[in-house]
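# Structural features, examined
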Amino acid sequence: MKAYRYTMGSTLDELALVDLPDPIAGPGQVLLRMRAASLNYRDLLVVQGRYPRGQLDVISPLSDGCGEVVAVGEGVDRFAVGDSAIPLFFQSWLRGPMLDSDGESALGGSLDGVAAQYRVFDADKVIRAPRNLNFAQAATLPCAALTAWNGLHGPRPLVAGETLLTLGTGGVSTFALQFAHAAGARVIVTSSSDEKLAKARALGADCTINYREHPEWSAKVREFTNGRGADHVIETGGGGTMLESVRSTARNGWIHVIGLVAPGQIDPVHVLLAGVTLRGTEVGSREMFEAMNRSIEKSRIEPLVDRVFEFEELPAALRYLEQASHFGKVVIRI
Ligand SMILES: NC(=O)c1ccc[n+]([C@@H]2O[C@H](COP(=O)([O-])OP(=O)(O)OC[C@H]3O[C@@H](n4cnc5c(N)ncnc54)[C@H](OP(=O)(O)O)[C@@H]3O)[C@@H](O)[C@H]2O)c1
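Everything numeric in this text was worked out from a predicted model, so none of it was measured.

In terms of burial, strand β12 (residues 230-235) is a largely internal element, six of the six residues being buried. The sheet contact formed by β12 and strand β13 (residues 249-257) spans five bridges and is parallel. When the bridges of β13 are listed, His-232 appears paired with Trp-254. Handedness of the β12-helix α7 (residues 239-248)-β13 crossover: right-handed.

Pasting the structure below:
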């Protein structure tokens, strides 16, 4: 089979497509013929050596994919040949709160990822794809969608009628918009592009703000919420957006700290005075993934695929993601 290999410290141009032996499903395992993978900003961090978690020196990159079960090992009853299946981002996080050790079980970082034609997984670390999605759509779910879901349905779930603020129009934020809209919440979206904001409105955004035109966008959020602020914030920016996010959040509201696209720093006194809760949020468990998939099927939610590249075009696809001209998800057909 063909698989991509990335060596720590090398450049995107050195991302190599190599021949590897075909894997075989052992007892309790499933063999997936990978059909699609999707890209996350995190994959860029990995291949640029900037990912804040540990990673293997030589890996197959990409965490997110969907494949077809082509063989099942002895004792597997969760899957049958022909099923569409998605490997978990954190392979060891099945249910309950995340453990430190789960952080070291991420595909395409601590473990080999899905940029390969075939991959073997333990059957309990793979989940069935929602029935309403094709391979490309289902491949977008493991990281971006589940992170957004975890933010909105974690310890303080979003309630219909409340307001969500989500930053930018990348993968995580677009899922947050779709999930919150389906849940009956009001959604505010920021972006650097008016064209993307128009697309966000078409997806159900109730208020859109261009953060380049309005660098102090919290004032616009307060205006839209009659001075109250947002109840939840999907904070994909980082230190560079955190002060405006805190200023945008209602007292007792929640900020889900997710991203690091905008570097910067903030004095914690702003958090104290605003009376908001900051919650570090990392992807999600298999149990959360199952709940999310039920909701995707019930609400007929379709992930937004911006562009599909061929398997041989992975370096070009990563460069396209880096330019940030996409809206939603960038996918690789395998
Ligand atoms: N904690 C976790 O488990 C987890 C999971 C997934 C992702 N993440 C992190 O979340 C972040 C987003 O990931 P992604 O995969 O959704 O990225 P993505 O698809 O590459 O989207 C990135 C988007 O960030 C927006 N952006 C850049 N600078 C911004 C700023 N100053 N203010 C607001 N938006 C800004 C841009 O939106 P516009 O083009 O609309 O301006 C851009 O399209 C990344 O840092 C990623 O590492 C974390």
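Pairing is antiparallel in the open sheet, where three strands are placed in the order β2-β1-β4. For this open sheet the edge positions go to β2 (16-19) and β4 (58-59), each flanked by a neighbour on one side alone. Pairing of strand β1 (residues 2-7) with β2, which is carried by four bridges, proceeds in the antiparallel orientation. Residue pairing across strands places Lys-2 opposite Asp-19, the latter belonging to β2.

This brings us to unusual backbone geometry. Backbone geometry places Asn-226, a non-glycine residue, at a positive phi of 55°. Looking at the secondary structure, you find Asn-226 in the loop between α6 (218-224) and β12. The phi dihedral of Val-283 falls on the positive side, at around 40°, and the residue is not glycine. Checked against the element boundaries, Val-283 lands in the loop between β14 (277-280) and α9 (286-299).

The subject of this paragraph is the packing of aromatic side chains. Scanning the model with the defined rule gives six aromatic pairs in all. Centre to centre, the rings of Phe-309 and Tyr-320 are 5.6 Å apart; their planes meet at 55°, and the pair counts as tilted. Of this pair, Phe-309 sits in strand β15 (residues 305-310) while Tyr-320 is found in helix α10 (residues 314-323), placing the two residues eleven residues apart along the sequence. When sorted by exposure, Phe-309 lands in the same class as Tyr-320, which is buried. Through pairs of rings, three or more aromatic residues link up here, namely Phe-89, Phe-90 and Trp-93. One residue, Arg-307, lies across the ring of Tyr-320, its end atom 4.8 Å from the ring centre.

This next bit is on the site of the ligand. Close to the ligand lie 25 residues; Thr-169, Ser-191, Ser-192, Tyr-211 and Thr-281 are nearest. The contact in question runs from a nitrogen atom of the ligand to an N or O atom on the backbone of Ile-258, over 3.1 Å. Here Leu-260 contributes a backbone N or O atom positioned 2.8 Å from an oxygen atom of the ligand. When isolated, the ligand has an accessible area of 920 Å², and the protein chains bury 89% of it. Listed by contribution, the elements that provide at least two residues to the shell around the ligand are α1 (41-47), α3 (141-152) and α4 (171-182). Counted by class, the shell around the ligand contains eleven nonpolar, twelve polar and two charged residues.

Attention shifts here to α7. Turning to α7, its buried residues are Thr-241, Met-242, Glu-244, Ser-245, Val-246 and Ser-248. Buried residues along α7 sit in contact with β9 (163-167), α6, β12, β13, α8 (269-274) and β14.

Okay, the packing of α3 against α4 next. Packed helices, taken two at a time, are described by the angle their axes make and the gap between the axes. For the pair α3 and α4, interaxial distance at closest approach is 8 Å and the crossing angle is 50°. Judged by the angle between their axes, α3 and α4 are oblique. α3 and α4 meet at a crossing whose hand is right-handed. When α3 is examined against α4, the residues Leu-141, Ala-144, Ala-145, Thr-147, Ala-148, Trp-149 and Leu-152 are found in contact with a partner set consisting of Gly-171, Val-172, Phe-175, Ala-176, Phe-179 and Ala-180. Taken together, the residues that form the contact of α3 with α4 break down as eleven nonpolar, two polar and no charged.

All right, on to the packing of α3 against α9 then. The contact between α3 and α9 brings their axes to 10 Å, and the two run at 90°. Our classification of the angle between α3 and α9 gives roughly perpendicular. Taking contact as the criterion, the partners of Leu-141, Pro-142, Ala-145, Leu-146, Trp-149 and Asn-150 in α3 are, on α9, Met-288, Phe-289, Ala-291, Met-292, Asn-293, Ser-295 and Ile-296. Looking at the contact of α3 with α9 residue by residue, the class counts come to ten nonpolar, three polar and no charged.

What counts, and at which threshold
Residues numbered from 1 in each chain as written. Predicted model: local features only at pLDDT ≥ 70, side-chain atom pairs only at ≥ 80, totals over all residues. Heavy atoms only, no water. Buried < 20%, exposed > 50% of the residue type's maximum accessible area, 1.4 Å probe, protein only. Helix = DSSP H or I, 4+ residues; strand = E, 2+ residues; numbered from the N terminus. Pairing = 2+ DSSP bridges. Right-handed = clockwise from strand over helix to strand, strands pointing away. Phe/Tyr/Trp six-rings, centres within 6.5 Å; stacked < 30°, edge-to-face > 60°. Lys NZ or Arg CZ within 6 Å of the ring centre and 35° of its normal. Near = heavy atom within 4 Å. Polar contact = N/O pair within 3.5 Å; in protein donor to acceptor, adjacent residues only side chain to side chain. Areas by Shrake-Rupley, 256 points an atom, 1.4 Å probe, with all protein chains shown as cover. Nonpolar A, V, L, I, M, F, W, Y, C, P; charged D, E, K, R; others polar. Contact = heavy atoms within 4.5 Å. Axes fitted to C-alpha atoms, helices over the stretch in contact; angles between N-to-C directions. Parallel < 35°, antiparallel > 145°, perpendicular 65-115°, else oblique. Left-handed = near helix turned anticlockwise from the far one by under 90°.

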